[in-house]
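Per-entry structural report
Chain by chain, the residues run as shown.
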Amino acid sequence: MVPLVQVEKLEKRFGEVCALDRVTFEVEAGEWIAIMGPSGSGKTTLINILGGLDHPSAGRVVVDGLEIGNLGERELTRYRADKIGFVFQQFHLVPYLTALENVMLAQYFHSITDEKEAAQALGRVGLSDRLTHVPAELSGGEQQRVAIARALINQPKVILADEPTGNLDEANEAVVLKLLRELHDAGHTILVVTHSQAIGNLADRRVELEHGRLARITVPSMAKE
Ligand code: ADP
Ligand code: MG
């Protein structure tokens, strides 16, 4: 079986800073990977390159058969819309659009909008009664659930989440964690940057970075409950 994601000797330099230093790993379809490591170890840089938001300095990244280091800006835009669902720490919702419109905007960038489908996606994250609320009228946890609905709406091959619970309290972290679990159970491939041991323990494997290098890949203990 060909892995869904292949990262080979990936390097990213910002001037003198080597943010990623020959990082190599693979991800099978359906796997849940936690990317962990201290602040500044290259986690966001890795997620950004996998998501086509930044270019590698060297090395190879293949996602779903596509070598993304070779793609131009137009192709990268298409790649992001077709294959990637993003969830960010800061939610990044459009402030003047409702929850429903925020999800429909992602449909629009992908192909065509479908209000009923967008409403169903919000239903899946438990927000059927918040469709017409704008972000300022939603709690942090609710905003992150809108962002998750948006990430899922175009059936991405890979879900990339950068500290999705970093701005949430414990109760909302638990809600997002439960959603990630459901997505994993439904067969989605998830790469999530996290400092949360709870999320790290639920993942299939933990990719641990230190100073831009792959320090180790660990499998959480089998006692998952
Ligand atoms: P993490 O997400 O693990 O905290 P980052 O990937 O954000 O780490 O950053 C890794 C290293 O690369 C850090 O030393 C950071 O300062 C540097 N870095 C990240 N982005 C840039 C950039 N756009 N320009 C210059 N340096 C950057
Ligand atoms: Mg980061």
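What comes next is a walk through the structure. (Residues numbered from 1 in each chain as written. Chains lettered and ligands numbered in written order. Predicted model: local features only at pLDDT ≥ 70, side-chain atom pairs only at ≥ 80, totals over all residues. Heavy atoms only, no water.)

So, the site of ligand 1
The environment of ligand 1 is formed by Phe14, Val17, Ala19, Pro38, Ser39, Gly40, Ser41, Gly42, Lys43, Thr44 and Thr45. Ser41 is positioned such that a nitrogen or oxygen atom in its backbone is 3.1 Å from an oxygen atom of ligand 1. Contacts to ligand 1 include Thr44, whose side-chain N or O atom sits 2.8 Å from an oxygen atom. With the chains in place, 57% of the 560 Å² that ligand 1 exposes on its own is no longer accessible. Of all the elements in the fold, those that place two or more residues in the shell around ligand 1 are strand E2 (17-27) and helix H1 (43-50). It is H1 that provides the largest number of residues to the shell around ligand 1, a total of three residues. Along the lines of polarity and charge, the residues of the shell around ligand 1 split into four nonpolar, six polar and one charged. (Near = heavy atom within 4 Å. Polar contact = N/O pair within 3.5 Å; in protein donor to acceptor, adjacent residues only side chain to side chain. Areas by Shrake-Rupley, 256 points an atom, 1.4 Å probe, with all protein chains shown as cover. Helix = DSSP H or I, 4+ residues; strand = E, 2+ residues; numbered from the N terminus. Nonpolar A, V, L, I, M, F, W, Y, C, P; charged D, E, K, R; others polar.)

Focus on the sheet that holds strand E4 (residues 58-63)
Pairing in this open sheet of four strands is antiparallel, and the strands run E2-E1-E4-E5 from one edge to the other. The sheet is open, and its two borders are formed by E2 and strand E5 (66-67), each paired with just one other strand. Two strands pair when backbone bridges link them, and E4 and E5 are joined in this way by two bridges, in the antiparallel orientation. Looking at the pairing, Val63 lines up with Leu66 of E5. Those strands touched by H1 are strand E1 (5-14), E2 and E4, and its axis lies near 120° from that of E1. (Pairing = 2+ DSSP bridges. Contact = heavy atoms within 4.5 Å. Axes fitted to C-alpha atoms, helices over the stretch in contact; angles between N-to-C directions.)

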